[in-house]
Amino acid sequence: MTKIKNIGVLTSGGDAPGMNAAIRAVVRAGIYYDLNVTGILRGYEGLIHGDFIDMDRKSVANIIQRGGTILKTARSDEFRTAEGRKKAFEQLKKHHIDALVVIGGDGTFTGANLFTNEYDFPVVGLPGTIDNDLVGTDFTIGYDTAINTVVHAVDKIRDTAESHDRLFIVEVMGRDSGLIALRSGIGVGAEAILIPEANMGVEGLVTRLASGRKDKSSKIVIVAEGDEVGGAFNVGEVLKERFPAYDIRVSVLGHIQRGGKPSCMDRVLASRFGVAAVEGLVNGRSGEMVGQVNREILFTPFDHAIKHIDAEEVSPAWLKLVEILSL
Ligand code: F6P
């Protein structure tokens with residue numbers, strides 16, 4: 001095992017609150033273990049184009065509380081190509097970087113997996129995505145903040161819905177995962193939650209609403225953007241037709257879910273992951289994502305981590321919970 005002296009760190013894919021806390025932890029752990037740390041700007045795009053900056057103790061001061069990522073991020077098409085990855089490898093050699101920490105979601109780890117296999121280059125990943133859709137960690141960095149953002153927004157929607165006796169359909173992010181919708185939906189006391197993992201469908205929703213209590217003045221339906229119903233506006237159209245007596249409004253929360261100060265849970269998770277990633281690299285680990293399961297830190301191979309959500313996460317028990325609570 002060659003001794004690692006210089007590590008690079010990047011953030012890639014959609015940003016997530018807590019990424020800065022993760023960068024800070026990587027830099028500080030690097031310094032603690034006597035390593036030089038280089039920041040790579042705009043994810044794999046900056047890696048390919050040699051957009052590198054030196055990081056020291058001060059460059060990560062006062063960032064633990066900030067949303068977004070000071071290293072910036074991108075979704076790189078070029079890194080999906082063998083040619084792009086070759087350029088990235090050449091940049092790393094040129095700058096004498098001998099290991100990488102990548103912070104991102106499944107796209108980031110798909111690229112990292114190809115890269116580490118092609119070039120036998122040490123890479124450890126940190127799960128940074130609001131979607132929480134990775135196997136090998138109970139929670140990803142950003143998820144807790146995002147669901148709290150949704151809860152705060154929908155609480156406000158509930159106030160106006162209640163005043164006007166309205167039904168609101170609220171669309172939340174998550175790409176093809178329903179985990180943001182599921183937890184935030186339970187958190188806001190939603191009357192129904194539509195997630196891709198459950199396939200309730202618009203007819204199932206109609207049945208649920210028709211059989212639900214009639215004396216509720218406000219109703220909230222949370223729709224995951226990846227659900228087969230095709231978005232909150234489609235659901236709105238159908239419900240307006242089927243329930244002409246309801247006063248219906250649609251709200252798509254969008255990118256506010258990705259911004260804002262990270263919650264304490266996300267800051268701590270990111271800090272723990274950042275230190276564990278550096279320690280992992282120093283101890284010869286590669287091709288794996290750091291995660292936390294039942295409070296323990298563990299490492300999961302990239303190709304397993306990107307298999308999307310753990311089936312456990314959206315077990316029938318969760319769906320029954322939603323049904324019981326919406327009575
Ligand atoms: O993966 C994070 C995420 O916010 C998803 O929930 C969403 O589908 C996607 O990124 C949006 O990506 P973009 O900001 O590139 O439109």
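Before going into details, it helps to say that this report is about the structure given with it.

Definitions and cut-offs
Residues numbered from 1 in each chain as written. Predicted model: local features only at pLDDT ≥ 70, side-chain atom pairs only at ≥ 80, totals over all residues. Heavy atoms only, no water. Helix = DSSP H or I, 4+ residues; strand = E, 2+ residues; numbered from the N terminus. Rg over C-alpha atoms; globule rule 2.2 N^0.38 Å. Contact = heavy atoms within 4.5 Å. Areas by Shrake-Rupley, 256 points an atom, 1.4 Å probe, with all protein chains shown as cover. Near = heavy atom within 4 Å. Polar contact = N/O pair within 3.5 Å; in protein donor to acceptor, adjacent residues only side chain to side chain. Nonpolar A, V, L, I, M, F, W, Y, C, P; charged D, E, K, R; others polar. Domains from an automatic or database assignment. Pairing = 2+ DSSP bridges. Axes fitted to C-alpha atoms, helices over the stretch in contact; angles between N-to-C directions. Parallel < 35°, antiparallel > 145°, perpendicular 65-115°, else oblique. Left-handed = near helix turned anticlockwise from the far one by under 90°.

With that settled, consider the overall build of the chain. For the chain, the count of helices and strands is 11 helices and 11 strands. Taking 327 residues into account, the globule formula puts the C-alpha radius of gyration at 20 Å, and the chain, at 22 Å, falls close to it. Considered along the principal axes of its C-alpha atoms, the chain spans approximately 70 × 35 × 35 Å. Of all intrachain contacts in the chain linking residues separated by at least 6 positions in sequence, the fraction that spans at least 24 positions is 76%. Taken as a whole, the chain presents about 14700 Å² of accessible surface, with 51% of it coming from carbon and sulfur.

With that settled, the discussion passes to the site of the ligand. In the region of the ligand, the neighbouring residues are Arg-75, Ile-130, Asp-131, Met-173, Gly-174, Arg-175, Glu-225, His-255 and Arg-258. In this structure, Glu-225 approaches the ligand through a side-chain N or O atom, which is 2.5 Å from an oxygen atom. In isolation the ligand offers 400 Å² of accessible surface; the protein chains occlude 74% of this area. The class makeup of the residues in the shell around the ligand is 2 nonpolar, 2 polar and 5 charged. The two domains that each donate at least three residues to the shell around the ligand are domain 1 (6-142 + 262-307) and domain 2 (144-258).

Neighbouring strands of a sheet are bound in pairs by backbone hydrogen bonds; such pairs are parallel or else antiparallel. Strand order in the open sheet formed by 7 strands is β3-β2-β1-β4-β5-β10-β11, with mixed pairing between adjacent strands. In this open sheet, the two edge strands, each paired with only one partner strand, are β3 (52-55) and β11 (296-301). Direction aside, the axes of adjacent strands within the sheet are offset by 30° on average. As defined by bridge partners, strand β4 (residues 99-104) adjoins strand β5 (residues 123-127) across 5 bridges and the pair is classed as parallel. For Leu-100, the partnering residue across the bridge sits in β5 and is Val-123. Packing against the sheet, helix α4 (residues 106-119) makes contact with β4, β5 and β10 (288-293), and its axis sits at approximately 160° to β4. Contacting β1 (6-11), β4, β5, β10 and β11, helix α9 (residues 264-282) crosses the sheet at an angle of about 170° to β5.

Across the interface, helix α3 (residues 82-94) lies against α4 with an axial gap of 11 Å and an inter-helix angle of 65°. For the element pair α3 / α4, the angle class is roughly perpendicular. Viewed along their axes, α3 and α4 form a crossing whose handedness is right-handed. Of the residues in α4, those touching α3 at Ala-82, Arg-85, Lys-86, Ala-88, Phe-89 and Leu-92 are Gly-111, Leu-114, Phe-115, Glu-118 and Tyr-119. Looking at side-chain class alone, the contact of α3 with α4 contains 7 nonpolar, 1 polar and 3 charged residues.

The next point concerns the sheet that holds strand β6 (residues 166-172). In space, the 4 strands of this open sheet follow the order β7-β8-β6-β9, with parallel pairing throughout. Edge strands, defined here as strands with exactly one partner in the open sheet, are β7 (192-194) and β9 (247-252). The mean inter-strand angle of the sheet, taken between neighbouring strand axes irrespective of direction, is 15°. Examined bridge by bridge, β7 and strand β8 (residues 219-224) share 3 bridges and lie parallel to one another. Within β8, the residue paired with Leu-194 across the bridge is Val-223.

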